[in-house]
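Structure at a glance
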Amino acid sequence: MDIVICIKEVPETTEVPWDPEKGILIREGIPGILNPNDKNAIEAALQLTEKYGGVVTAISMGPAQTDDALREALSLGVDNAVLLTGRHLAGADTLATSYTLYLAVKKIGRFDIVLCGKESADGVTAQVGPQLAEFLDIPQLTYATNIEIVKGNFVRIKQKLEDGFRELESPLPALITVEREINNPRIPPMDHIMEAYRDKQVMVWTADDLGGQMERFGLKGSPTQCLKVYTQRIKKGKMQILEGDGSMVAKELVQILRKRNLT
Amino acid sequence: MEFNLSAESKLMIKAARDFAEQTIEPIAAKIDGDDAIPDDLLPKFAKAKMLGMMIPKEYGGTGSTALNMILITEELAKTASAVYWSMALNNSVAETICHWGSDDQKELFIPPLCDGSNYAAMAFTEPATGSDPAAITSTAHSDDDYYVLNGTKRFITNGQRKGYGIFYAKDETEKVTAFVVDKSSDGYTCSKPWALMGLGGQGLVDVFLKNVRVPKANILGEKGKGFNVLLRWIAGERVQQMAFMLGMGQACLEESLKYAKERIVKGRPMTHMQGFQWMLSEMHASIEACRWWTYRVASKQDEGDEIQVDSAALKLFIVPTIQEVARKALQIHGSYGYCKNYKIERLYRTIAHAGVTGSSTEIQKTLVGSYLARP
């Protein structure tokens, strides 16, 4: 059961500067963390390989500092790590990112499952996983809260929907995106952290290593135009707690809402 | 001069923070209230490879540094839980055995401390001996291949729990020797734990040694030079204890900020009021000073420098500084801070311990002063 996981380093803070000309976030120098949802993808991959055997490879696209996210993945138990970086890859939207990841997965070659977090904490598009599946031309099973291997070479997931769950099944290879509640990610032991930084390697691939069409990488290959990046300010109001008999409280609530033209 | 932590250290901090928040914080108040640490907690530290941080891998340790030990202690300390002492003792006693012990002693005594199956203890203090080491009355009489130990040891953390402890006694030459004692030996008994102001669950007991037979092979370091073992251990332990204080000071600031941002006074959060801003800024400045000095002394320890005076001066500075941070945190919380429903109450009680345990603040003044006034 060989698994490729796509992970991302996201800014630790919500206050990230952006380039007004290119319409992209300036990530260099901003303290980053491993995207929380990707930790679930790593945990899911490790649980699968602990049960069925196989190799887990983590790939991530980003500036040089993304090395830390990959080292964290190695400390958690991932076998191999690949950093996709370089000026040609910078400024990518989800389409160019998916294209780059697709080339990297093809270069890795052997895989049964590609695992992604549902979405990143900064972009929150949930587009990269499904787009990558389309590039790879494999089934996509999204929003998984449970994964099991059935009938030898099929995968079955429990998919979270807005109003419930459903089970999906597909032959392998397949791409799966996971929800936060699928598992509780492990914490790396201190000795594994040391090994990740001292004994293990992160392979570095640039656009030249990946092949592909240069005009489809990075900003050039990104049709998305980002006009503005901002942090939404949430206005805090006064809280009012209504107490007493349920029907009376409901009446009082309706009156308050009407008074404020909220009905 | 390098002030940046390595990426490796930063990930260790993050891992320790996650461990503290997921494993200790949810049960910290219960541990304190019940005065009991669950038996399965120390093995969890072992699984996270936080015991034996400075011990080579061949003995089951992590093979890391004093600085990384301090960094993870700072994170664990934010829970203000007595669990810290079990973790700290397994680390510092293992490191002491690793420094002074023979190969056989290292192979026998260190792995069980690193895998969390044994609880370490360090037993020097006696009812009439605290800061006056010469007044020690426990005795060790030679009998063939054994020493027979008699005496009473006071305030011994984990004295009643399974494992080995380092005990100090006067041998037939009236000099103090350090022995590694199996706590399940015949003639080894303990009192009930002392009821403490804070640090519930620490398990601080008196230990009674009545004709406890200890193999001569268990002498740690040179016979008659137990003080050397003790003083070196105390210096390292002081730095660890100050990292514990530092982490709790940071927790005081974080709890105060959380409270002050939510608490509305005259229509605005407390954080908008200059008086509280001043208190918060003073807390922050104090903690930063404590932080960098603690890191500096731990780095000196890693460089192999002597830290007896540094660690004493560190304690002399940090204890009153963090106690003042805790006082301000209590003031910011007002009456709520005096309630057990608020974490600041536990922090305040726990922070009080450091001025009187592991040698008092006043003793540090004597140590530093006598060094400065040396001929």
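Per chain, the residues get numbers from 1 upward, laid out in the order the sequence is written. Lettering for chains starts from A, numbering for ligands starts from 1, and both go in the order in which the items are written. Only residues with pLDDT of at least 70 get local features here, since the model is predicted, and only at 80 or more are side-chain atom pairs given and counted; chain-wide, interface and lining totals rely on the full set of residues. Hydrogens and water are ignored here; the side-chain numbers use all heavy atoms of the structure.

1. Observations regarding the overall build of chain A
Where we set the bar: Runs of H or I in DSSP of at least four residues are treated as helices and runs of E of at least two as strands, each being numbered from the N terminus. In this description, contact between two residues means that some pair of their heavy atoms is separated by no more than 4.5 Å. Only four residue types enter the charge count: Lys and Arg as positive, Asp and Glu as negative, with His and the chain ends excluded. Each charge is placed at NZ for Lys, CZ for Arg, CG for Asp and CD for Glu.
Each helix and strand in chain A was counted, giving 7 helices and 13 strands. A fraction of 69% describes how many contacts in chain A between residues 6 or more apart in sequence connect residues 24 or more apart. Each charge class in chain A can be summarised by its mean position, and for the 31 positive and 36 negative side chains these summaries are 6 Å apart.

2. A closer look at the nonpolar core
Rules: What we call a nonpolar core is a set of buried Ala, Val, Leu, Ile, Met, Phe, Trp, Tyr and Cys residues that are connected through their side-chain atoms within 4.5 Å. Working definition: with a 1.4 Å probe on protein chains only, accessible area under 20% of the residue-type maximum means buried, over 50% means exposed, and in between means partly exposed. Boundaries between domains were set according to an automatic or database domain assignment.
Grouped together as the largest cluster of nonpolar side chains are 72 residues, with contacts concentrated most on M190 of chain A together with F45, M50 and C252 of chain B. Looking at which element gives the most residues to this core, the answer is helix α6 (residues 226-262) of chain B, with 13 residues. Composition of this core by domain shows at least three residues from each of domain 1 (7-114) and domain 3 (227-372) of chain B. Excluding anything up to four places from it in sequence, M50 of chain B contacts M190 of chain A together with A16, F19, F45, I72, L76, M87 and N91 of chain B. Core analysis: the second largest hydrophobic core is formed by 36 residues, L34, I42, L172 and I182 of chain A among them.

3. A look at the layout of surface pockets
Residues and elements named next belong to chain B. Note the threshold: In this analysis the probe radius is 1.4 Å and the grid spacing 1 Å, with only protein atoms considered; a cavity is a set of points the probe fits into but cannot get out of, a pocket is an open set with protein on both sides within 12 Å along at least five of seven lines, and lining residues have an atom within 4 Å of a point. Grid points are joined across faces, edges and corners, and a volume is the space filled by probe spheres set on the points. Each residue receives one of three labels: charged for Asp, Glu, Lys and Arg, nonpolar for Ala, Val, Leu, Ile, Met, Phe, Trp, Tyr, Cys and Pro, and polar for the others, Gly being one of them.
Approximately 1100 Å³ is the volume attributed to the second largest pocket. What lines the second largest pocket is a set of 35 residues, among which T125, V356, T357, G358 and S359 lie closest to the centre. Of the residues contributing to the lining of the second largest pocket, the split by class is 19 nonpolar, 12 polar and 4 charged. In terms of domain composition, the lining of the second largest pocket takes at least three residues from each of domain 2 (121-224) and domain 3 (227-372).

4. Section: the sheet that holds strand β6 (residues 56-61) of chain A
Residues and elements named next belong to chain A. Note the cut-off: A strand pair is defined by DSSP finding two or more bridges across the two strands. Note on method: axes are straight lines fitted to C-alpha atoms, helices fitted across the in-contact stretch only, with angles between N-to-C directions ranging 0 to 180 degrees.
On the basis of which strands lie adjacent, the open sheet formed by 9 strands has the order β11-β10-β9-β12-β8-β1-β6-β7-β13 and mixed pairing. Of all the strands in the sheet, just β11 (164-171) and β13 (203-205) have a single pairing partner and so form its edges. With strand direction ignored, the average angle separating the axes of adjacent strands in the sheet is 30°. One ladder, built from 6 bridges, connects strand β9 (residues 140-150) with strand β10 (residues 154-161); its direction is antiparallel. Note that in β10 the partner of E148 across the bridge is R156. Packing of helix α3 (residues 94-108) onto the sheet brings it into contact with β1 (3-6), β6, β7 (80-84), β8 (113-117) and β13, and relative to β6 it is tilted by some 150°. Lying over the sheet, helix α4 (residues 128-136) contacts β1, β8, β9 and β12 (174-178), oriented at roughly 180° with respect to β12.

5. So, the packing of aromatic side chains
Put simply, the rule reads: Pairing of aromatic rings covers Phe, Tyr and Trp, the last through its six-membered ring, and needs centres within 6.5 Å; plane angles under 30 degrees mean stacked, over 60 mean edge-to-face, and all others mean tilted. Two thresholds decide whether a charge sits over a ring: the Lys NZ or Arg CZ must be within 6 Å of the ring centre and within 35 degrees of the ring normal.
Evaluation of the coordinates by the stated rule reveals 19 aromatic pairs over all chains. Consider the rings of Y99 of chain A and Y102 of chain A, whose centres lie 6.3 Å apart with planes at 40°: the pair is tilted. Of the two residues, Y99 of chain A and Y102 of chain A both sit in helix α3, 3 residues apart, roughly one turn of that helix. Each member of the aromatic cluster is reached from another via a ring pair, and the members are Y99, Y102, F135 and F217 of chain A. Cation over ring: K216 of chain B sits above Y147 of chain B, and NZ or CZ is 5.3 Å from the ring centre.

6. Some remarks on the interface of chain A and chain B
Interfaces are often sized by the accessible area lost when the parts come together. Formally: Accessible surface is computed with a 1.4 Å probe, and the buried area is the amount of it that two parts give up when combined, taken over both parts together. The term salt bridge refers to a pairing of a side-chain nitrogen on Lys or Arg with a carboxyl oxygen on Asp or Glu at a separation within 4 Å. Here a polar contact is taken to be a pair of N or O atoms separated by no more than 3.5 Å, where protein atoms must pair a possible hydrogen donor with a possible acceptor and residues adjacent in sequence count only if both atoms sit in side chains.
Counting residues at the interface gives 17 residues for chain A and 20 residues for chain B. Counting each side, the surface lost to burial between chain A and chain B is near 1500 Å², with a carbon and sulfur contribution of 66%. Taken as a group, I187, M190 and M194 of chain A account for 43% of the area that chain A buries against chain B, more than any other trio of residues on that side. Linking chain A with chain B are 4 salt bridges. E195 of chain A is the salt-bridge partner of K57 of chain B, the closest N and O atoms lying 3.5 Å from each other. Our enumeration of links across chain A and chain B arrives at 3 residue pairs in polar contact (both at pLDDT 80 or more). Looking at the side of chain A that touches chain B, the elements that each hand over two or more residues are β5 (32-34), α2 (67-76) and α5 (190-198) of chain A. The leading source of residues in the side of chain A that touches chain B is α5 of chain A, at 7 residues.

7. Some details on the confidence of the model for chain B
Defined as follows: What pLDDT conveys is the predictor's confidence in a given residue, as a value from 0 to 100.
Considering every residue of chain B, the mean pLDDT works out to 95; 100% of them sit at 70 or more. Ranking the helices and strands of chain B by mean pLDDT puts strand β8 (residues 219-220) of chain B first, with 98, and strand β9 (residues 264-265) of chain B last, with 92.

8. Here's the deal with the pairing of β8 of chain A
The side chains of a regular strand alternate between the sheet's two faces. Residue and element names in this part refer to chain A. Within β8, 5 of the 5 residues are buried, which leaves it mostly tucked inside the rest of the structure. Bridge count for β1 against β8 is 4 bridges, and the pairing is parallel. Residue pairing across strands places I3 opposite I113, the latter belonging to β8. In this sheet, β12 lies alongside β8 in parallel orientation, the contact comprising 5 bridges. The residue bridging G117 from the neighbouring strand is V178, located in β12.

9. What to know about helix α10 (residues 361-372) of chain B
To keep things clear, this is the line we draw: Multiplying 1.5 Å by the residue count of a helix minus one yields the expected span of that helix.
Taking 1.5 Å as the rise per residue, α10 of chain B with 12 residues should run 16 Å; its terminal C-alpha atoms sit 17 Å apart, in good agreement. Each element contacted by the buried residues of α10 of chain B is listed here: α6 and α8 (308-333) of chain B.

10. What to know about the packing of helix α3 (residues 66-77) of chain B against α6 of chain B
Residue and element names in this part refer to chain B. Selection criterion: Here the angle decides the label: under 35 degrees means roughly parallel, over 145 means roughly antiparallel, 65 to 115 means roughly perpendicular, and every other value means oblique. Crossing chirality is assigned from the near helix's rotation relative to the far helix, an anticlockwise turn below a right angle marking it left-handed and a clockwise turn marking it right-handed.
Contact geometry for α3 and α6: axes closest at 7 Å, N-to-C directions at 40°. Comparing the axis directions of α3 and α6 gives the class oblique. Read as a crossing pair, α3 and α6 show a hand that is right-handed. Of α6, the residues touching α3 (which contributes M69, I70, T73, E74 and A77) are V239, Q240, A243, F244, L246, G247 and M248. Grouping the constituent residues of the contact of α3 with α6 by class yields 8 nonpolar, 3 polar and 1 charged.

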